[in-house]
Amino acid sequence: MSGLLVVMEQGGGQWHRMSWEALAAGVELGKQMGQPVFAALPGSDIGTLAAEAAAKAVAKVHAVEHDLLKEYTPDAYTAALEQLIRKHEPSVVLFPHTYQVRDFAPKLATRFGQNLLSDAVQIRYEGGSPVFVRQLFQGKLNADFRQSGAGPHFASIQAGAYRADTLAAGQAEVETFTPQLDASQIRTKPHEPFREAARAVDLTAAEIIVSVGRGIKEKENIAVVQELATALGAELAASRPICDNGWLPMERQVGSSGQTVSPKMYLAVGISGAIQHLVGMKGSKTIVAINKDSNAPIFEVADYGVVGDLFEVVPALVEEVKKAKG
Ligand SMILES: Cc1cc2nc3c(=O)[nH]c(=O)nc-3n(C[C@H](O)[C@H](O)[C@H](O)COP(=O)(O)OP(=O)(O)OC[C@H]3O[C@@H](n4cnc5c(N)ncnc54)[C@H](O)[C@@H]3O)c2cc1C
């Protein structure tokens with residue numbers, strides 16, 4: 001067994017942004033293991049996306065093409081990837097830790113008598129096998145995990161754990177793999193993807209997030225930060241107390257019991273920076289914090305900080321953003 005396989009994700013011809021982070025994790029581990037890294041992209045009519053992946057420093061891209069992969073189903077994805085993995089026998093198979101991966105990857109791993117090591121924040125190669133680091137107790141502890149046996153070792157990578165922008169450019173070949181699939185194998189009928197189901201928000205796909213905390217004081221004031229989010233074209237998110245109070249829906253909560261996000265910019269407004277919040281956003285590329293307490297722990301992870309009253313700072317910022325956008 002040799003080589004690493006990174007299973008990338010697209011839906012309706014659009015990349016899931018975390019695919020690139022998983023690829024970056026694969027490339028990093030590949031270097032340590034001295035093994036080539038292959039990408040796999042399941043779907044239908046995905047030539048353009050496969051070519052984009054092939055423009056990164058990978059050994060080859062397997063475009064796993066079939067009409068029955070047009071819409072995601074766990075049965076078709078599992079069957080198709082099982083065939084690809086049996087053919088190429090990679091030693092490690094990595095995925096982005098998306099909702100879709102959580103759905104089918106454990107089933108795929110069990111086809112090989114393995115389990116999926118989910119939500120890894122780091123992988124290193126030590127003593128001849130990969131060591132996967134996972135967080136325990138709301139990020140207070142990091143634990144090392146090794147899988148037994150020769151592999152393949154299956155793991156998913158936490159959002160924000162690896163930086164997509166570390167991926168070097170390359171020129172790889174795209175090889176089309178056509179799995180043997182039959183409609184009778186597929187027990188589910190896909191409807192609308194769950195990410196687009198009524199009011200569901202996938203914050204992991206947002207490029208800019210404006211996140212609000214208890215400093216906002218009352219529900220009616222949420223409009224103040226909503227205005228900033230709108231001006232920046234950002235998604236609105238929140239710390240847990242805001243969602244617990246029902247001021248914003250749970251699906252907008254960031255943190256250990258909410259979503260883990262890694263946008264290009266995370267703007268924390270009136271958030272203290274408790275560890276349970278930090279674990280969900282520390283992978284953001286640029287962190288901006290607005291807080292009236294200069295000792296707030298959020299400033300320890302912030303790239304830019306404004307010590308001030310959010311009710312003065314945010315409206316001023318909205319004005320400036322509007323001016324800058326013309
Ligand atoms: C098991 C467990 C799981 C948890 N999961 C999560 C989670 O997923 N996500 C999460 O966020 N939390 C989570 N928490 C809660 C976490 O411990 C904190 O209580 C929470 O993050 C605090 O939210 P906050 O920063 O909005 O509020 P606070 O800690 O109360 O901070 C409010 C901040 O606003 C500032 N402020 C006040 N007024 C103004 C003003 N006018 N202008 C500017 N700044 C102002 C204050 O200086 C303060 O720093 C969890 C806790 C536990 C025990």
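Reference entry: report on the structure contained in this document. (Residues numbered from 1 in each chain as written. Predicted model: local features only at pLDDT ≥ 70, side-chain atom pairs only at ≥ 80, totals over all residues. Heavy atoms only, no water.)

### A few points about the site of the ligand
Part 1: Neighbouring residues of the ligand: 27 residues in total, closest Ser 239, Ser 257, Ser 272, Gln 276 and Asn 291.
Part 2: Ser 239 has a polar side-chain atom sitting 2.5 Å from an oxygen atom of the ligand.
Part 3: Asp 309 places a polar side-chain atom, nitrogen or oxygen, 3.0 Å from a nitrogen atom of the ligand.
Part 4: For the ligand, whose free accessible area comes to 990 Å², the fraction covered by protein is 78%. (Near = heavy atom within 4 Å. Polar contact = N/O pair within 3.5 Å; in protein donor to acceptor, adjacent residues only side chain to side chain. Areas by Shrake-Rupley, 256 points an atom, 1.4 Å probe, with all protein chains shown as cover.)

### Focus on the packing of helix H3 (residues 74–88) against helix H4 (residues 99–110)
Relative placement of two packed helices is described by the angle separating their axes and the distance separating the axes.
Part 1: Contact pair H3 / H4: the axes reach a minimum separation of 9 Å and the direction vectors enclose 50°. Judged by the inter-axis angle, H3 sits oblique to H4. Remark: the crossing between H3 and H4 carries right-handed chirality. Counted together, Pro 74, Asp 75, Tyr 77, Thr 78, Leu 81, Glu 82 and Ile 85 of H3 and Gln 100, Asp 103, Phe 104, Lys 107 and Leu 108 of H4 form the full contact between these two elements.
Part 2: A breakdown of the residues in the contact of H3 with H4 according to their chemical character gives six nonpolar, two polar and four charged. (Axes fitted to C-alpha atoms, helices over the stretch in contact; angles between N-to-C directions. Helix = DSSP H or I, 4+ residues; strand = E, 2+ residues; numbered from the N terminus. Parallel < 35°, antiparallel > 145°, perpendicular 65-115°, else oblique. Left-handed = near helix turned anticlockwise from the far one by under 90°. Contact = heavy atoms within 4.5 Å. Nonpolar A, V, L, I, M, F, W, Y, C, P; charged D, E, K, R; others polar.)

### A few points about the packing of aromatic side chains
Part 1: For the structure on display, the rule yields seven aromatic pairs.
Part 2: With 6.0 Å between their ring centres and 50° between their planes, Tyr 72 and Phe 104 make a pair best called tilted. Here Tyr 72 is found in the loop between strand E5 (60–65) and H3, whereas its partner Phe 104 is found in helix H4, with 32 residues between them in sequence. The exposure classification of Tyr 72 matches that of Phe 104, with both residues buried.
Part 3: The interplanar angle of 40° and the centroid separation of 5.6 Å between the aromatic rings of Phe 112 and Phe 154 together place this pair among those described as tilted. (Phe/Tyr/Trp six-rings, centres within 6.5 Å; stacked < 30°, edge-to-face > 60°. Buried < 20%, exposed > 50% of the residue type's maximum accessible area, 1.4 Å probe, protein only.)

### Describing empty space enclosed by the protein
Part 1: Here the structure, examined in full by the defined rule, presents one cavity of 30 Å³ or more.
Part 2: Computed from the structure, the largest cavity encloses a volume of approximately 30 Å³.
Part 3: Together, Val 7, Met 8, Glu 9, Pro 42, Tyr 77, Phe 95, Pro 96, Gln 100, Val 101 and Phe 104 line the largest cavity.
Part 4: Elements with a contribution of two residues or more to the lining of the largest cavity: strand E6 (92–96) and H4.
Part 5: In terms of residue count, H4 provides more of the lining of the largest cavity than any other element does, three residues in total. (1 Å grid on protein atoms, 1.4 Å probe; cavity = no way out; pocket = protein on both sides within 12 Å on 5 of 7 lines; lining within 4 Å. Points joined across faces, edges and corners; volume = space filled by probe spheres on them.)

### Some points on the sheet that holds strand E9 (residues 129–136)
Part 1: Pairing within the open sheet is antiparallel, and its three strands lie in the order E8-E9-E10. A single partner strand is all that each edge strand has here, and the edge strands are strand E8 (122–126) and strand E10 (141–145). Neighbour to neighbour, the strand axes of the sheet diverge by 30° on average, direction disregarded.
Part 2: Inspection of the sheet shows E9 paired to E10 by five bridges, in the antiparallel sense. Within E10, the residue paired with Gln 135 across the bridge is Asn 142.
Part 3: The sheet contacts of helix H1 (residues 18–33) involve E8 and E9, and relative to E8 the element is tilted by about 10°. (Pairing = 2+ DSSP bridges.)

### Looking at the nonpolar core
Part 1: Formed by 34 residues in total, the largest nonpolar core has its most connected members in Met 8, Leu 23 and Leu 94.
Part 2: Those elements that place two or more of their residues in this core are strand E1 (4–7), H1, strand E4 (37–43), helix H2 (47–54), E5, E6, strand E7 (116–120) and strand E11 (153–157).
Part 3: Other than its neighbours up to four places away in sequence, Leu 94 contacts Leu 5, Val 6, Val 7, Ala 22, Ala 25, Gly 26, Ile 123, Phe 132, Ala 155 and Ile 157.
Part 4: By size, the runner-up hydrophobic cluster in this structure holds 26 residues, among which are Ala 40, Val 101, Leu 116 and Phe 154. (Core = buried A, V, L, I, M, F, W, Y, C linked by side-chain atoms within 4.5 Å.)

### As for the pairing of E6
Part 1: Here E6 lies mainly inside the structure; five of its five residues are buried.
Part 2: As judged from the five bridges shared by E6 and E11, these two strands associate in the parallel manner. Paired with Val 92 across the two strands is His 153, which belongs to E11.

### A look at the layout of surface pockets
Part 1: Empty space within the second largest pocket amounts to approximately 470 Å³.
Part 2: If you trace the second largest pocket, you find 27 residues lining it, with Arg 214, Ser 239, Gly 270, Ile 271 and Ser 272 closest to the centre.
Part 3: For the lining of the second largest pocket, the secondary-structure elements that each account for two or more residues are helix H6 (240–244), helix H7 (275–278), strand E16 (286–291) and helix H9 (310–325).
Part 4: Here the lining of the second largest pocket is composed, by residue class, of seven nonpolar, 14 polar and six charged.

### What to know about the environment of Ala 289
Part 1: Here Ala 289 shows up in strand E16.
Part 2: A sequence separation of 79 residues divides Ala 289 from Val 210, and the C-alpha atoms of the two residues are 9.9 Å apart.
Part 3: Apart from the residues lying within four places of it in its own chain, the contact partners of Ala 289 are Ala 268, Ile 298, Phe 299, Ala 302, Tyr 304, Gly 305 and Val 306.

### Comments concerning a nonpolar patch on the surface
Part 1: On the surface, a nonpolar cluster with roughly 300 Å² of combined accessible area is contributed by Leu 136, Phe 137 and Leu 141.
Part 2: With respect to the helices and strands, the residue Phe 137 is situated in the loop between E9 and E10.
Part 3: Overall, the relative accessible area of 60% leaves Phe 137 in the exposed class. (Patch = residues over 30% accessible without salt bridge, like charges linked within 9 Å, V, L, I, M, F, W, Y side chains within 5 Å. Salt bridge = Lys/Arg side-chain N within 4 Å of Asp/Glu carboxyl O.)

### Notes on the environment of Ser 2
Part 1: Take Ser 2: it is sitting in the segment before E1.
Part 2: Sequence separation of Ser 2 and Ile 275 is 273 residues, and the distance between their C-alpha atoms is 38 Å.
Part 3: Apart from the residues lying within four places of it in its own chain, the contact partners of Ser 2 are Gln 35, His 88, Glu 89, Pro 90 and Ser 91.

Fair warning: the whole summary comes from geometry, so function is off the table for now.
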